[in-house]
Amino acid sequence: MKRFLTLGECMVELAPAGDQLYRRGFAGDTFNTAYYARRLLPQDWAVGYCTVAGQDAVSDDMLDLMRGHGIETRSIRQVADRTLGLYMIQLKDGERSFSYWRGQSAAKLLADDPDWLRAQLDGADVAQFSGISLAILPPEGREAFCEALSRARANGTHVAFDTNLRPQLWEDEATMRAGLRMGAEVSDTVLPSFDEEQGLFGDTAPAETIARYRDCGAKTIAVKDGAGTLTVWDHGEGTQEFQPVKIDPVIDTTAAGDSFGAGFLAGLAMERGIAEAAHLAMAVAAQVVQARGALVDLDMTDIEGAA
Ligand code: ADP
């Protein structure tokens, strides 16, 4: 059995359901990627999620939901004295705003037990993490986390990094820049978003984003740009450009990047080559932006046709 593992934080989501009522859900970028990878990979692949949760009812419910989606939960460590982070979506005059309670979130302990973390990564064929997985950790946790990924990579795991910048989660901009480099240095594949790289590093073209992550040692870099050109560099094939499917209207871009990452990495995992992986990724993301919410029920016939 091959294994695709994503690592990070999944939070409780409270979304407005009218009349001061809130609907409880679970959401997290790396969890979204696991959800889509499970749909795209054949059954000889296990897809697992690695995080730390509490031992309380809400944590158990999250594990049940994941298992319900076919995601393995044996890499989720449950600790007694913490619980899940939580965020609430508020709607005011049609605009969404977010409030977070994640200071004591159990996921911050993801790298506190390096032996446990190494054991989860042992034998993983693909390990995916994000800028959020790094940002929530304390500085020494980030080092331990990257050390474990680097060791896994040396043992043959394909390590993939979705940069997902969240400036408010990092101590400051310099630390975020250093953190991104640290993440890229332990990764085979990096999946940055051009607008974020432009904002943080002043890139004027995707080629500059690619050059920076190539210098960190990445072998494949896919620079996303929303509806704009997707630019992919691969150490074997050089640079290729792809145009995302035209979508009108776009309903909700939540999880566009997370589902894109799942498609791209699943394509590579199935050894389909860069162009097919890119088309698979764009086809998945195209469906996701045409539906509400992060976890969309994919039409697989349409996706297989595109890839
Ligand atoms: P991220 O959420 O990581 O910043 P993007 O917004 O660039 O990522 O979106 C990831 C992918 O989703 C794009 O490469 C594209 O394939 C698809 N996508 C996102 N927005 C649109 C859109 N408006 N029209 C068509 N495709 C889109």
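All values derive from a computational prediction rather than experimental measurement. (Residues numbered from 1 in each chain as written. Predicted model: local features only at pLDDT ≥ 70, side-chain atom pairs only at ≥ 80, totals over all residues. Heavy atoms only, no water.)

Enquirer: Run through the site of the ligand, naming residues and quoting values.
Expert: Near the ligand lie 14 residues; those nearest to it are Ser193, Lys224, Gly226, Val245 and Ala285. At 3.0 Å, a side-chain N or O of Lys224 approaches an oxygen atom of the ligand. At a separation of 2.7 Å, an oxygen atom of the ligand approaches a polar backbone atom of Gly226. Surface burial for the ligand is 84%, taken as the share of its 550 Å² of free accessible area covered by protein chains. At the level of elements, helix H9 (256-269) and helix H10 (274-288) are the ones that each hand at least two residues to the shell around the ligand. (Near = heavy atom within 4 Å. Polar contact = N/O pair within 3.5 Å; in protein donor to acceptor, adjacent residues only side chain to side chain. Areas by Shrake-Rupley, 256 points an atom, 1.4 Å probe, with all protein chains shown as cover. Helix = DSSP H or I, 4+ residues; strand = E, 2+ residues; numbered from the N terminus.)

Enquirer: Residues and numbers for the pattern of salt bridges, please.
Expert: Summed over the entire model, instances satisfying the criterion amount to 16 salt bridges. Here Arg118 and Asp115 are joined by a salt bridge, their closest N and O atoms 3.0 Å apart. With Arg118 and Asp115 both in helix H3 (residues 114-121) and three residues apart, the pair spans about one turn of that helix. Looking at Asp115, the relative accessible area reads 54%, which means it is exposed. One connected set of salt bridges, linked through shared partners, spans Arg3, Glu72 and Arg74. (Salt bridge = Lys/Arg side-chain N within 4 Å of Asp/Glu carboxyl O. Buried < 20%, exposed > 50% of the residue type's maximum accessible area, 1.4 Å probe, protein only.)

Enquirer: I'd like a rundown of the confidence of the model for the chain, residues and numbers included.
Expert: Looking at the chain, pLDDT values average 96 and 99% of them are 70 or higher. Here the predicted complex carries an ipTM of 0.98, next to a pTM of 0.97. (pLDDT = per-residue confidence, 0-100.)

Enquirer: Mind laying out the sheet that holds strand E2 (residues 11-16), listing which residues take part and the relevant values?
Expert: Within the open sheet, the four strands sit side by side as E3-E2-E6-E7. Their pairing is mixed. Each edge of the open sheet carries a strand with a single partner, namely strand E3 (22-27) and strand E7 (95-101). Each neighbouring strand pair of the sheet contributes to a mean axis angle of 25°, computed without reference to strand direction. Here strand E6 (residues 86-92) runs beside E7; their pairing, made up of seven bridges, is antiparallel. Bridge assignment links Leu91 to a residue of E7, and that residue is Arg96. Packed onto the sheet, helix H2 (residues 57-68) meets E2 and E3 and runs at close to 65° relative to E3. (Pairing = 2+ DSSP bridges. Axes fitted to C-alpha atoms, helices over the stretch in contact; angles between N-to-C directions. Contact = heavy atoms within 4.5 Å.)

Enquirer: Talk me through the nonpolar core; I want residue IDs and the actual numbers.
Expert: One recurring pattern in soluble globular proteins: nonpolar side chains tend to sit buried together. Formed by 50 residues in total, the largest nonpolar core has its most connected members in Phe260 and Phe264. Of all elements in the fold, only helix H1 (29-40), strand E4 (45-54), H2, strand E12 (230-234), H9 and H10 reach the threshold of two or more residues within this core. If we skip the residues at most four places from it in the chain, Phe260 touches Leu191, Ala222, Lys224, Leu230, Ala281, Met282 and Ala285. Judged by nonpolar contacts, the second largest core, of 45 residues, contains Leu5, Val52, Ala106 and Ala127. (Core = buried A, V, L, I, M, F, W, Y, C linked by side-chain atoms within 4.5 Å.)

Enquirer: Requested: an account of H3, with residues and values cited.
Expert: When H3 is considered as a whole, its buried residues turn out to be Trp116, Leu117, Gln120 and Leu121. Each buried residue of H3 sits inside an arc of 135° when the element is viewed along its axis, so together they form one side. Considering only its buried residues, H3 is in contact with strand E1 (2-7), E4, strand E5 (76-79), strand E8 (126-130) and helix H5 (139-154). Looking one or two places after H3, you find Gly123, whose phi comes out positive at around 80°. (Arc of directions from axis to C-beta.)

Enquirer: So, a negative patch on the surface: which residues are in play, and what are the values?
Expert: A cluster of acidic side chains, namely Asp112, Asp113, Glu140, Glu143 and Glu147, defines a negative patch on the protein surface. Along the chain, Asp113 falls in the loop between E7 and H3. (Patch = residues over 30% accessible without salt bridge, like charges linked within 9 Å, V, L, I, M, F, W, Y side chains within 5 Å. Lys, Arg positive; Asp, Glu negative; His and termini not counted. Charge placed at Lys NZ, Arg CZ, Asp CG, Glu CD.)

Enquirer: Tell me about helix H8 (residues 206-215), and please be specific about residues and values.
Expert: Taken together, the buried positions of H8 are Thr209, Ile210, Arg212 and Tyr213. Across the axial projection of H8, the buried residues extend over an arc of 165°, all falling on one side. In H8, the exposed positions angled more than 90 degrees off the buried face are occupied by Ala207 and Asp215. Phi for Gly217, located one or two positions after H8, is positive at around 110°.

Enquirer: For the sheet that holds strand E10 (residues 189-191), give the residues involved together with the corresponding values.
Expert: Ordered by their spatial adjacency, nine strands build an open sheet running E5-E4-E1-E8-E9-E10-E11-E12-E13, and the pairing between neighbours is mixed. Strands with a single pairing partner mark the edges of an open sheet, and in this sheet they are E5 and strand E13 (238-242). The mean inter-strand angle of the sheet, taken between neighbouring strand axes irrespective of direction, is 15°. Judged from the six bridges that link them, E1 and E4 form a sheet pairing that is parallel. Opposite Lys2, over in E4, you have Trp45 as the bridge partner. Lying on the sheet, H1 is in contact with E1, E4 and E8; it crosses E4 at an angle near 155°.

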